[in-house]
Amino acid sequence: MRKKIVAGNWKMNKTFEQGLNLVDEIIQSSAIHQTPEVLKIIIPPFIHLHSVSEKTKHINDIEIGAQNCNNNEAGAFTGEISAAMIASCGAKYVLVGHSERRQYYNETEAILTQKVNHAISKDITPIFCVGENLTERNNNTHLETVKQQLKETVFNLSVTDFSKLIIAYEPVWAIGTGVTATSHQAQGMHNYIRSEINKKFGKETSESISILYGGSCNPENAKELFACIDVDGGLIGGASLKANDFVAIANSF
Ligand code: 13P
C-alpha cells in the first residue's frame, strides 16, 4: 500500500508567531486526528522548523519538512542552510525542484541532483517536484517535459535511493492561479510518471512511490483529485495557510 500524504508548503508566509499559531490550530483540531493513516507534512519557512518540530514530535501522523536546502555540504555560503542543519531541527523531508526555485533561483538539474543526494545522505526524504508550464501543456509537450525533468535528475539515482523519494507533480500553470488540473489531467500525468518509473526501476518501485498533486488544490477539489488511482495525495500551497482548509484536505481521501 502506498502512503497517503498531504503536505502543506507555506512558502514565504507567516511570521514566527503566526506560524506557531497555525500549527497550534492544526494540532488542536479534532478533525486532523480522524485520519491517522494519512501522513501530514508541515513545510514552514526555516525559522519555524525547530519549534514546529517540538510541537508535533509526539504526533505520529504529522512530520516536518523544509522548503529547501543547499546543494553543498557546508562552508562559506552566506545565507544558505544545509541538509544537516534542517535535519538537526527535526525536518524529515525537503522540497527539491519546486518550480519557484527553478524559475526564480535558476536551480539547474545538476544542482537539484546534488540537493537530492545531500538530503538522502542525511536521512531526509526529498519531495521532488516536476511539472510543465502553460506553453508546454498547450503544445502537448507536457509529458516529454516531465520525463526530461526526471531523466536528468532522480532517474540517475540507484534504485535503493530512488525508492526513498516522494514525487510531486505540480503543473506550473496551476500553482497559485486558482486553475486546478482536472482529475483527468492529473491522473494522466501521474500514470505516465508511474509508467516511466516502472520502465526505469521496475514495478515494485513504481507501485510503492507516492506521487502527490500540487496546484490550486483546495477542500472543494481535493476529494476528486485524491480519488484518482495514481494520485496519492497533495502538495498544498495557499490552502495550507488556513488550518481548517489544510485539515479538510487531509481528510479528503
Ligand atoms: P497552491 O496550492 O497555492 O497553488 O501552491 C501549490 C504549490 O506550489 C505547493 O508547493
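I'm lost on the nonpolar core in this one. Help?
Within soluble globular proteins, side chains that are nonpolar tend to cluster in buried spots. Ile42, Val154, Phe162, Ile167, Ile193 and Tyr213 are the most contacted members of the largest nonpolar core, which totals 63 residues. Of all the elements, helix H9 (residues 183-201) adds the most residues to this core, at six residues. Once residues lying within four places of it in the same chain are set aside, the contact partners of Ile167 are Phe128, Val130, Leu150, Phe162, Ile193, Ile209, Ser210, Ile211 and Leu212. Core analysis: the next-biggest nonpolar cluster, separate from the first, contains 13 residues, Ala7, Ile127, Cys129 and Ala168 among them.

Even after reading the chapter, I still don't get the pairing of strand S4 (residues 93-96), so can you show me in this structure?
Working note: regular strand, side chains alternate between the two faces of the sheet. Side chains of S4 alternate between two faces, with Tyr93 and Leu95 and Val94 and Val96 buried alike. As paired elements, strand S3 (residues 62-66) and S4 share two bridges and run parallel to each other. Paired with Ala66 across the two strands is Val94, which belongs to S4. What joins S3 to S4 is helix H3 (residues 83-88), and the crossover it makes is right-handed.

Hey, could you run me through helix H7 (residues 142-151) in this one?
In an α-helix there are 3.6 residues to a turn, and that puts residues three or four apart on one side. Among all positions in H7, only His142, Thr145, Val146, Gln149 and Leu150 are buried. Mapping the buried residues of H7 onto a view down its axis gives an arc of 130°, with all of them on the same face. Tucked into the core, H7 has its buried residues touching helix H4 (99-104), helix H5 (109-121), strand S5 (125-130), helix H6 (134-138), strand S6 (166-169) and H9.

Whenever I open this one, the site of the ligand confuses me. Can you help?
Looking at the ligand, there are 13 residues lining it, with Lys11, His98, Gly176, Ser216 and Gly238 nearest. His98 places a polar side-chain atom, nitrogen or oxygen, 2.8 Å from an oxygen atom of the ligand. Within the contact set of the ligand, an oxygen atom lies 2.8 Å away from a backbone nitrogen or oxygen of Gly238. Judged by its atoms lying within 2 Å of the grid points, the ligand is housed in the second largest pocket. In terms of residue class, the shell around the ligand is built from four nonpolar, seven polar and two charged.

Each value, and the rule that gives it
- Residues numbered from 1 in each chain as written.
- Predicted model: local features only at pLDDT ≥ 70, side-chain atom pairs only at ≥ 80, totals over all residues.
- Heavy atoms only, no water.
- Core = buried A, V, L, I, M, F, W, Y, C linked by side-chain atoms within 4.5 Å.
- Buried < 20%, exposed > 50% of the residue type's maximum accessible area, 1.4 Å probe, protein only.
- Helix = DSSP H or I, 4+ residues; strand = E, 2+ residues; numbered from the N terminus.
- Contact = heavy atoms within 4.5 Å.
- Pairing = 2+ DSSP bridges.
- Right-handed = clockwise from strand over helix to strand, strands pointing away.
- Arc of directions from axis to C-beta.
- Near = heavy atom within 4 Å.
- Polar contact = N/O pair within 3.5 Å; in protein donor to acceptor, adjacent residues only side chain to side chain.
- 1 Å grid on protein atoms, 1.4 Å probe; cavity = no way out; pocket = protein on both sides within 12 Å on 5 of 7 lines; lining within 4 Å.
- Sits in = over half its atoms within 2 Å of the grid points.
- Nonpolar A, V, L, I, M, F, W, Y, C, P; charged D, E, K, R; others polar.

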